[in-house]
Amino acid sequence: MVSLIIGHKGSGKTKLLVEKVNAAIEKSNGNVICVEKETKLTYDVNYRARLVAADSYSVQGFSALYGFLSGLCASDHDITDIFVDATLRIGSRDFEELADFLEKVDALGKLSDTKFTFTISTDKADLPERVFTFCEQIN
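What you are looking at is a predicted structure, and each value in this text was computed from that prediction instead of being measured. (Residues numbered from 1 in each chain as written. Predicted model: local features only at pLDDT ≥ 70, side-chain atom pairs only at ≥ 80, totals over all residues. Heavy atoms only, no water.)

1. Examining the pattern of salt bridges
Test applied: What makes a salt bridge here is a side-chain nitrogen of Lys or Arg within 4 Å of a carboxyl oxygen of Asp or Glu, nothing more. A run of DSSP states H or I qualifies as a helix once it reaches four residues; a run of E qualifies as a strand once it reaches two. Both are numbered from the N-terminal end. A simple rule labels every residue: compare its accessible area, found with a 1.4 Å probe on the protein chains alone, to the largest value its type can have, and call it buried under 20%, exposed over 50%, or partly exposed in between.
For the structure shown, the criterion picks out 8 salt bridges. Here D100 makes a salt bridge to R130, at a shortest N to O gap of 2.6 Å. With D100 in helix 4 (residues 95-112) and R130 in the loop between strand 5 (115-120) and strand 6 (135-137), the pair connects residues that are 30 residues apart, well separated along the chain. Given a relative accessible area of 40%, D100 falls into the partly exposed group. When its relative accessible area of 29% is taken as the criterion, R130 is described as partly exposed.

2. A word on the environment of R89
Put simply, the rule is: We call two residues in contact when some of their heavy atoms are within 4.5 Å.
As for its position among the elements, R89 is in helix 3 (residues 87-90). With a relative accessible area of 48%, R89 lands in the partly exposed category. When the C-alpha atoms of R89 and E129 are compared, they prove to be 21 Å apart, with 40 residues separating the residues in sequence. In this view, R89 contacts K37 and E38; residues no more than four positions away in its chain are not counted.

3. Focus: the packing of aromatic side chains
The condition that has to hold: Note on aromatic pairs: the rings of Phe, Tyr and Trp (six-membered ring only in Trp) are paired at centre separations within 6.5 Å, and the planes decide the class, stacked below 30 degrees, edge-to-face beyond 60, tilted for the rest. Whether a charge sits over a ring comes down to the Lys NZ or Arg CZ being within 6 Å of the ring centre and within 35 degrees of the ring normal.
Tallying each qualifying case throughout the model produces 4 aromatic pairs. Note on Y57 and F68: the rings are 5.5 Å apart at their centroids and 40 degrees apart in plane angle, and the pair reads as tilted. Of this pair, Y57 sits in the loop between strand 3 (50-53) and helix 2 (62-75) while F68 sits in helix 2, and the two are 11 residues apart along the sequence. Here F68 falls in the buried class, since its relative accessible area comes to 15%. Centroid distance F116 to F118: 6.2 Å. Interplanar angle 10 degrees. Geometry classified as stacked. Here F116 and F118 have matching classes, each one buried. Three or more aromatic residues link up through ring pairs in this structure, and these residues are F62, F101, F116 and F118. Positioned above the aromatic ring of Y66 is the side chain of K104, whose terminal nitrogen or guanidinium carbon lies 4.4 Å from the ring centre. Just above the ring of F132 sits the side chain of K124; from NZ or CZ to the centre is 4.9 Å.

4. Focus on helix 4
The following threshold applies: A helix's residues, less one, multiplied by 1.5 Å, set its expected span. We call two N or O atoms a polar contact when they sit within 3.5 Å, provided that within protein one can donate a hydrogen and the other can accept it, with sequence-adjacent residues counted only if both atoms are side-chain atoms.
The terminal C-alpha atoms of helix 4 lie 25 Å apart, and with 18 residues this matches the ideal 26 Å at 1.5 Å per residue to within 8%. All buried positions along helix 4 are accounted for by F95, L98, A99, F101, L102, V105, D106, L108 and G109. The opening residue of helix 4 is D94, an N-cap whose side-chain oxygen sits 3.1 Å from the backbone nitrogen of E96. Just downstream of helix 4 lies D113, where phi reads positive at about 55 degrees.

Given below as structure tokens:
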């Protein structure tokens, strides 16, 4: 199951994500990764988490983001959790494309036994209803 932290800008999504990353580090018997658009969370995320800036790898769009996440999972079988901040800024504001992306990520999570959490800057009502068949809102 994919977890979503949904809300508008300034609603505390990133703060909650950081708390979840730091909590996952304490529970995980493997590796925890936090993907952000650009380097902003360096001093907020525990040093034991691998912090990756998507802009450093020219990741733009949901196809590129999916490929990037797949590559992370393929290269390290010890990853237990992947957190992604600013998902719509990395992908796009096309909510149908977002739904397709999240469905693929759900399948990737089952294949690689990895938990995924994304921040989504919008109202829950803006998202296609099918998203919640394979995603859960955690805030």
